[in-house]
Amino acid sequence: VAAAVGLLLWREWPPALTQIVPFVPWVMALIGVAVCLMYQRAQTMVLMLCVLAATAAWPALAREAPWAVGPALAWWSLAYTINALWSERSTMLLDLAARIGLIAAGAAAIALSGKEGMTDFFGILSVQGRLAHLSVPIEGLIALLATGLTLTLLLLRYGRPQQAGQWLGFVCMAWALPRGVEHPVELALMSTAALTALCISLAHEGFHMAFRDELTGLPGRRALNERLQRMGRVYTLAMADVDNFKAFNDTHGHDVGDQVLRMVAAQLRRVPGGGRAYRYGGEEFTLVFPGKTAAESMPHLESV
């Protein structure tokens, strides 16, 4: 995104770059779809298709059917929100077909309703048209704000790479779509940034699944093994084990046992002195102090 903004600020582009940029979203979308197929993620794939469809169709839609700009922008925002909230439950093929079918149904409804139908549907909002100081129809503006608020709440609630990518991709498109008619190269550049954000968030989500312990949020054993390969000659490892955990689990149940593990992990995460906590497995945890001897690490271990 920073690179895209930098290119936008650099107004004197070489002619070759101006000719190449409109094709970059298609290349990025192909890469993203390949990654989605590898990870079996229909949700992210459909969001990428939403970005690509808006990039390809938006300038022509604004020229040929300006009355549809507001409804189309509102439906695009709604479809983006639905897909961001719609968790993946079935097989990828069925999930993908349902999502694409829903988006196509909304687009078909706008096309079949025509100008008069959309005017009746949106009522006074469509009659008033655009706000004086904005180039966005008011129904589209309301939809963009509602989607932005929803995605922000999702990001604050879950805070995972997937929600961050969805939020960042939407911000790029919400900024570029209203300007896309007059600045198609700018739209292509920001859609590339949006597709890249979605693609990287998917890869980062895979990293979390591989290296983070889902229950405690601590780095897992694989992350510990990777860290140990990059240690210097001086470091300290400390193992922490929860006493009588099996008996506690059998007495109070696994749900309460999981709460205990999360509580222990939250305490170990606060270890001072440059220490880092890992979940080794079960009720065992590892604390790593790079560059410290056992004697130097002991006070920090005692404090935690």
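The model shown is predicted, which means the values in this text are computed figures rather than measured ones. (Residues numbered from 1 in each chain as written. Predicted model: local features only at pLDDT ≥ 70, side-chain atom pairs only at ≥ 80, totals over all residues. Heavy atoms only, no water.)

### A word on the nonpolar core
Point 1. Core analysis: the largest hydrophobic core is formed by 45 residues, its most contacted members being Val51, Trp58, Trp76, Tyr80, Met173 and Leu177.
Point 2. Counting residues per element, the ones that place at least two in this core are α1 (2–9), α3 (24–39), α4 (42–64), α5 (69–85), α6 (92–122), α8 (138–158), α9 (161–176) and α10 (184–211).
Point 3. If you tally residues by element for this core, the top one is α4, at 11 residues.
Point 4. Beyond its immediate stretch of four places on either side in the chain, Met173 contacts Val51, Ala54, Thr55, Trp76, Pro178, Leu187, Ser191 and Ala194.
Point 5. In terms of nonpolar packing, the next biggest core, distinct from the first, is built from 15 residues, Leu261, Val271, Leu287 and Leu301 among them. (Core = buried A, V, L, I, M, F, W, Y, C linked by side-chain atoms within 4.5 Å. Buried < 20%, exposed > 50% of the residue type's maximum accessible area, 1.4 Å probe, protein only. Helix = DSSP H or I, 4+ residues; strand = E, 2+ residues; numbered from the N terminus. Contact = heavy atoms within 4.5 Å.)

### Focus on the pattern of salt bridges
Point 1. Tallied over the entire structure, the rule returns five salt bridges.
Point 2. With a shortest N-O distance of 2.7 Å, Arg99 and Asp95 are connected by a salt bridge. Of this pair, Arg99 and Asp95 both sit in helix α6, separated by four residues, roughly a single helical turn. Across the pair, exposure class does not vary: Arg99 and Asp95 are buried alike.
Point 3. Between Asp250 and Lys246 there is a salt bridge; the shortest N-O distance is 3.1 Å. Residue Asp250 and its partner Lys246 are located together in helix α12 (residues 245–252), separated by four residues, close to a single helical turn. Per residue, the accessibility class of Asp250 equals that of Lys246, and both read exposed. (Salt bridge = Lys/Arg side-chain N within 4 Å of Asp/Glu carboxyl O.)

### Section: the layout of surface pockets
Point 1. As a volume, the largest pocket reaches approximately 510 Å³.
Point 2. In this structure, the largest pocket is lined by 20 residues; those nearest its centre are Ala53, Ala72, Trp75, Trp76 and Ala107.
Point 3. Of all the elements in the fold, those that place two or more residues in the lining of the largest pocket are α4, α5 and α6.
Point 4. Looking at the lining of the largest pocket element by element, the count peaks at eight residues for α4.
Point 5. Along the lines of polarity and charge, the residues of the lining of the largest pocket split into 20 nonpolar, no polar and no charged.
Point 6. Counted as a void, the second largest pocket has a volume near 360 Å³.
Point 7. Looking at the second largest pocket, the residues that line it are Arg41, Arg160, Glu205, His208, Met209, Arg212, Asp213, Glu214 and Gly217.
Point 8. Taken together, the residues that form the lining of the second largest pocket break down as one nonpolar, two polar and six charged. (1 Å grid on protein atoms, 1.4 Å probe; cavity = no way out; pocket = protein on both sides within 12 Å on 5 of 7 lines; lining within 4 Å. Points joined across faces, edges and corners; volume = space filled by probe spheres on them. Nonpolar A, V, L, I, M, F, W, Y, C, P; charged D, E, K, R; others polar.)

### A look at the environment of Val234
Point 1. Looking at the secondary structure, you find Val234 in the loop between α11 (221–228) and β1 (235–241).
Point 2. When its relative accessible area of 43% is taken as the criterion, Val234 is described as partly exposed.
Point 3. Val234 has contacts with Pro290, Gly291, Lys292 and Thr293, leaving out every residue within four places of it along the chain.

### Topic: the packing of aromatic side chains
Point 1. Under the defined criterion, the tally for this structure stands at four aromatic pairs.
Point 2. Pairing Trp76 with Tyr80 gives two aromatic rings, centres 5.4 Å apart and planes at 40 degrees, and the pair type is tilted. With Trp76 and Tyr80 both in helix α5 and four residues apart, this pair spans about one turn of that helix.
Point 3. Residue class for Trp76 comes out buried when judged on its relative accessible area of 9%.
Point 4. Taking the relative accessible area as the measure of exposure, Tyr80 reaches 0% and is therefore buried.
Point 5. With 5.6 Å between their ring centres and 50 degrees between their planes, Tyr80 and Phe170 make a pair best called tilted. Pair noted here: Tyr80 is in helix α5 and Phe170 is in helix α9, with a separation of 90 residues, a long-range link. Take Tyr80 and Phe170: they sit in the same class, and that class is buried.
Point 6. By way of ring pairs, the aromatic residues Trp76, Tyr80 and Phe170 are connected into one cluster. (Phe/Tyr/Trp six-rings, centres within 6.5 Å; stacked < 30°, edge-to-face > 60°.)

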